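# Structural description and commentary
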Amino acid sequence: MRLHLNENTAGCSPAVLEALRALGRQDAGWYPDYGAARAAAAACFGVPDDHVLLTNGLDEGILAAIGAAFRNRTPDVPETVGVTPAFDMYEVSTTALGGRMVTVPLAADYGLDTARVRAAISRATRIVFLTNPHNPTGVRYDLDDLRTLARDLAPVLFFVDEAYADFSGETLIDDRIFAQRPNLVVGRTFSKAYGIAGLRAGAVVGAPATLEPIAKVIPPYSLNACAAAALPVAIADREYRAWYLEQAAASRELLAQACARLGLETWPSAANFLLVRVGDRASEIVRAMAARGVLVRDRSKEAGCEQCIRITAGIVEDTTRAIETLEEVLCAAR
Ligand SMILES: Cc1ncc(COP(=O)(O)O)c(C=O)c1O
């Protein structure tokens, strides 16, 4: 059971599978057209089509945003700024493209200290990355704080990664805000709530002029024909998404209750996972759960995440089994 990468544990909607089965020789033989996929994504985000740049997963959107921001060479090593702990691809992509990531710790209880983020900005800063709700904590940040930060950071690009916004129900996406804040872009993925991580589809959303240099870094046919065909169908199946969001919310609650019962600290999560402080034997617990067929993520080696593991909250059936396994492993360890 894969509860380590925050995927949709039920997989994609049956309608998506049908659409994939219906693909023919020409779909495989021709370069894909993204018109329908882009229009569907734009409608689901409530913005005009030209505010959406489709990417091969949000990972590509992150890489491309950094690539575009690093284009103008100066004597300084280009920098990105973020918080720690955080999703690792901001730093991986920054380093891969010749830059340096500067990180600041989150505040107590994993809240966002915007003053610390502001203080980390230097003349070499090209992008600031924040994730809302945050990964790996699940904690949600105040949208007004993020809007204010966008204003204060200009002209530095502010990339708000909303990979888990489907679960929180909150977003910064708003074409009026993008018009006022051209330095703001929002990253989204269809890997989580929509269950198509294997097909690879994400988006960067923002003002068209802001997206233009990012689009130039992305190859013209970055999403393959399967992703292009699946995306409008996944978005159209609102019932499936609603069902999955309910399952994830119920699972999150079950996990939080089980952890409270077991005396383990957790943080209020608005995403499809829970960060759990299991103690000094975190890595051992992760290995023992894996040996019983349940994969969870060991985050205990990261600064700010000591003693913690992260567990995906997917369908209730999986969560129930994960809780039983966690209890069994903890009992054996005690
Ligand atoms: C915060 C965050 N951003 C981006 C991604 C990458 O998403 P995608 O599968 O669309 O590349 C993930 C995946 O786990 C994530 O947690």
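Residues numbered from 1 in each chain as written. Predicted model: local features only at pLDDT ≥ 70, side-chain atom pairs only at ≥ 80, totals over all residues. Heavy atoms only, no water.

### Some remarks on the overall build of the chain
The following threshold applies: Secondary structure follows DSSP: runs of H or I at least 4 residues long count as helices, runs of E at least 2 residues long count as strands, and numbering of each begins at the N terminus. For the exposure calls, accessible area comes from a 1.4 Å probe over protein chains only, and a residue counts as buried if that area is under 20% of its type's maximum, exposed if over 50%, partly exposed in between. Pairs of residues are marked as contacts when any of their non-hydrogen atoms sit within 4.5 Å. Think of it this way: Lys and Arg go in the positive column, Asp and Glu in the negative one, and His and the chain ends go nowhere. The atom standing in for a charge is NZ when the residue is Lys, CZ when it is Arg, CG when it is Asp and CD when it is Glu.
Within the chain, the regular secondary structure consists of 14 helices and 12 strands. By residue count, 53% of the 334 residues in the chain fall in the buried class. Considering only residue pairs separated by 6 or more positions, the chain has 74% of its internal contacts joining residues 24 or more positions apart. Side chains of the chain give 34 positive and 40 negative charges; the mean places of these two sets differ by 4 Å.

### Here we look at the site of the ligand
What counts here: Near, as used in this document, describes a residue that has one of its heavy atoms within 4 Å of the molecule or strand being considered. Polar contacts, as counted here, are pairs of nitrogen or oxygen atoms within 3.5 Å of one another; within protein the pair requires one atom able to donate a hydrogen and one able to accept it, and residues that are adjacent in sequence qualify only if both atoms are side-chain atoms. Using the Shrake-Rupley algorithm and a 1.4 Å probe, accessible areas are obtained, with residue cover drawn only from the displayed protein chains.
What surrounds the ligand is a group of 14 residues, the closest being Leu-58, Asp-161, Tyr-164, Thr-189 and Ser-191. In the model, an oxygen atom of the ligand is placed 2.6 Å from a nitrogen or oxygen of the Tyr-164 side chain. A distance of 2.5 Å separates an oxygen atom of the ligand from a polar side-chain atom of Thr-189. Bound to the protein, the ligand loses 92% of the 400 Å² it would expose on its own.

### Topic: the pattern of salt bridges
Spelled out, the test is: Each reported salt bridge corresponds to a side-chain nitrogen of Lys or Arg within 4 Å of a carboxyl oxygen of Asp or Glu.
The final tally for this structure, using the stated rule, is 19 salt bridges. Across the pair Arg-123 and Asp-76 runs a salt bridge, and its minimum N-O distance is 3.0 Å. With Arg-123 in the loop between helix 6 (114-119) and strand 5 (125-131) and Asp-76 in the loop between helix 4 (57-69) and strand 3 (79-84), this pair connects stretches of sequence that are 47 residues apart. Given a relative accessible area of 74%, Arg-123 falls into the exposed group. One salt bridge connects Asp-144 with Arg-147, and the closest N-O pair in it is separated by 2.6 Å. Linking Asp-144 with Arg-147, this pair stays in helix 7 (residues 143-153), spanning 3 residues, or about one helical turn.

Fair warning: the whole summary comes from geometry, so function is off the table for now.
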